[in-house]
Amino acid sequence: MQTHESDGDEALIFDNIESDNLVDFPVLSEESFVLMVERERQHLPADDYLCRLRTGDLDLSFRSDVLDWIWKAHSHFGFGEFSFCLSINYLDRFLAVYELPRGKTWTVQLLAVACLSLAAKVEEISVPLTVDLQVCDPRFVFEGKTIQKMELLVLSTLKWRMQAYTPCTFIDYFLRKINDNQLPSLHITSRSRQLILSTTKGIDFLEFRPSEVSAAVAIFVSGRTEAIELVMAIPSFNHQGQKERLVKCIELIQNWNLKGDMGIGSMPQSPNGVLEAACFSYKSGDEQTIGSCPSSSTTTPITKRRRVERHCYPKRRRLRHT
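Criteria and cut-off values
Residues numbered from 1 in each chain as written. Predicted model: local features only at pLDDT ≥ 70, side-chain atom pairs only at ≥ 80, totals over all residues. Heavy atoms only, no water. Helix = DSSP H or I, 4+ residues; strand = E, 2+ residues; numbered from the N terminus. Buried < 20%, exposed > 50% of the residue type's maximum accessible area, 1.4 Å probe, protein only. Areas by Shrake-Rupley, 256 points an atom, 1.4 Å probe, with all protein chains shown as cover. Axes fitted to C-alpha atoms, helices over the stretch in contact; angles between N-to-C directions. Parallel < 35°, antiparallel > 145°, perpendicular 65-115°, else oblique. Contact = heavy atoms within 4.5 Å. Nonpolar A, V, L, I, M, F, W, Y, C, P; charged D, E, K, R; others polar. Core = buried A, V, L, I, M, F, W, Y, C linked by side-chain atoms within 4.5 Å. Salt bridge = Lys/Arg side-chain N within 4 Å of Asp/Glu carboxyl O. pLDDT = per-residue confidence, 0-100. Phe/Tyr/Trp six-rings, centres within 6.5 Å; stacked < 30°, edge-to-face > 60°. Expected span 1.5 Å × (residues − 1). Polar contact = N/O pair within 3.5 Å; in protein donor to acceptor, adjacent residues only side chain to side chain.

> Can you help me understand the overall build of the chain in this one?
What the chain contains, in helices and strands, is 12 helices and 3 strands. Residues counted as buried form 53% of the 322 residues belonging to the chain. A total accessible area of about 15400 Å² is found for the chain, and carbon and sulfur atoms account for 50% of it.

Structure follows, in structure tokens:
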């Protein structure tokens, strides 16, 4: 068994949403915040994506089921919330510009596995073998080489811009601003992150930038009447119409919360040939395996655990920000 060696410049990540390490994560500087707000638009779905979803021009009725599976697999391995939000970012950005073949339901599951795999490689320190990510009773099971081809398709489609900014990127910054630059309680921090994860399920939140969702969540969780004014006092965030957008996002969070919808998990031709060249073979039971890879037959499923480093993995290359 090979031992995973962490790269020297591995970024610190959150181990678990309930971990005490949450409060130790480096706080964004004012300069970093300004730069990231300016750049966050580079990592968003195409401008017409939400409109096409609302009008039905783009049928993504499967999106909710995909998010549920990604959440279950993400929880199974104890990944941090950053990688979950990243995987959904990749999913929406890909679907905004790439039309999956109709009638081939397995492509949806393949895309979900690829997005989760890529997000884990960007954010997590210890990452299971790609084929081992397929947990929680997926309808289809894919060979490693098939998943790798789909990963390459996602990477090329997203132009290798994988270090996207999500609401999780900004939440600590806004919580501190609202809390007079003091460290928020672990309860407030955890609640904020739970709400952020929940917002990924509703397409209406795609109307807002990650920083706006993060600010709205921080304001909502704080319960302070003056919180929105404290956020609007941030010079680089006080743009024309910004307050109205924040109020709208907060109202959306409030409506979802009242309806009980803020839960997760209760909830063409490919350039690489991956979507049209896979062949099906059946295993015992209803599981379907796509592609062929001799090593997969000897793969042992990984049992559920809190920390993935109990199992050792080969050294991986960390994706760089582009």
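> Mind showing me how you'd approach the packing of helix H5 (residues 106-123) against helix H6 (residues 144-157) here?
Contact geometry for H5 and H6: axes closest at 9 Å, N-to-C directions at 75 degrees. On the basis of the axis angle, H5 is roughly perpendicular to H6. Seen from H5, the contacting residues are Leu 110, Leu 111, Val 113, Ala 114, Ser 117, Leu 118 and Lys 121; seen from H6, they are Thr 146, Ile 147, Met 150, Glu 151, Val 154 and Leu 155. Within the contact of H5 with H6, the residues separate by chemical class into 9 nonpolar, 2 polar and 2 charged.

> What is the right way to read the nonpolar core from this model?
The tendency in soluble globular proteins is for nonpolar side chains to be buried as a group. Ranked by size, the top nonpolar core spans 86 residues in total, and within it Tyr 90, Phe 94, Leu 111 and Phe 174 carry the most contacts. Top element by residues in this core is H5. It accounts for 13 residues. Residues within four places of Phe 174 in sequence aside, it is in contact with Phe 33, Ser 211, Ser 214, Ala 215, Ala 218, Val 231, Ile 234 and Phe 237.

> What am I meant to see in the pattern of salt bridges here?
It is possible for side chains bearing opposite charge to pair when their charged atoms get close. Considering all chains together, one arrives at 15 salt bridges under this definition. The salt bridge involving Arg 193 is made with Asp 172; its shortest N-O contact spans 2.8 Å. Separated by 21 residues along the polypeptide, Arg 193 in helix H8 (residues 186-199) and Asp 172 in helix H7 (residues 167-178) bring together distant segments of the chain. The burial state of Arg 193 is the same as that of Asp 172; both residues are buried.

> Explain the confidence of the model for the chain to me, please; I cannot follow it from the model alone.
The predicted coordinates ought not to be read in detail in places where the model reports low pLDDT. For the chain, mean pLDDT is 75; residues scoring 70 or higher make up 71% of the total. Between residues 1-25, whose pLDDT stays under 50, and residues either more than four places distant or in other chains, the model counts 64 contacts. Under a pLDDT of 50 for its full length, residues 265-322 has, in the predicted model, 142 contacts with residues more than four places off or in other chains.

> I would appreciate a short explanation of the packing of aromatic side chains in the present structure.
Both the distance between ring centres and the angle between the ring planes are used here to describe each pair of aromatic rings. Inspection of every chain in the model, using the stated rule, returns 11 aromatic pairs. Residues Trp 106 and Phe 142 carry aromatic rings whose centres are separated by 6.5 Å and whose planes lie at 50 degrees to one another, so their mutual orientation is tilted. Taken as a pair, Trp 106 in helix H5 and Phe 142 in strand S1 (residues 140-142) lie far apart in primary sequence, 36 residues in all. Just as Trp 106 is buried, Phe 142 falls in that class too.

> Can you help me understand H8 in this one?
Counting along an α-helix, one turn takes 3.6 residues, and residues three or four places apart therefore face a common direction. In this model H8 runs 20 Å from its N-terminal to its C-terminal C-alpha over 14 residues, within 8% of the 20 Å that 1.5 Å per residue would give. If you check which residues of H8 are buried, you get Thr 189, Ser 190, Ser 192, Arg 193, Leu 195, Ile 196, Leu 197, Ser 198 and Thr 199.

> Mind showing me how you'd approach the environment of Lys 145 here?
Turning to its location among the elements, Lys 145 is positioned in helix H6. Separated by 15 residues in the primary sequence, Lys 145 and Thr 130 place their C-alpha atoms 9.3 Å from one another.

> Honestly, the environment of Cys 136 in this entry has me stumped. Any pointers?
Tracing the backbone shows Cys 136 in the loop between H5 and S1. Along the primary structure Cys 136 and Ala 73 are separated by 63 residues, whereas in three dimensions their C-alpha atoms are 6.3 Å apart. Here Cys 136 is in contact with Trp 69, Lys 72, Ala 73 and His 76, once residues within four sequence places are set aside.

> Can you walk me through the environment of Phe 94 in this structure?
Of note, Phe 94 is situated in helix H4 (residues 81-97). With sequence-adjacent residues up to four places away left out, Phe 94 is seen in contact with Leu 100, Leu 111, Met 150, Leu 153, Val 154, Thr 157 and Leu 158.

> Would you explain the side chain of Arg 209 in this entry?
The residue Arg 209 is located in the loop between H8 and helix H9 (210-222) in this model. Within the structure, Arg 209 has its side chain in polar contact with the side chain of Glu 40 (distance 2.9 Å). Residues in contact with Arg 209, not counting those within four places in the same chain, are Glu 40, Arg 41, Leu 44, Phe 237, Gln 242 and Arg 245.

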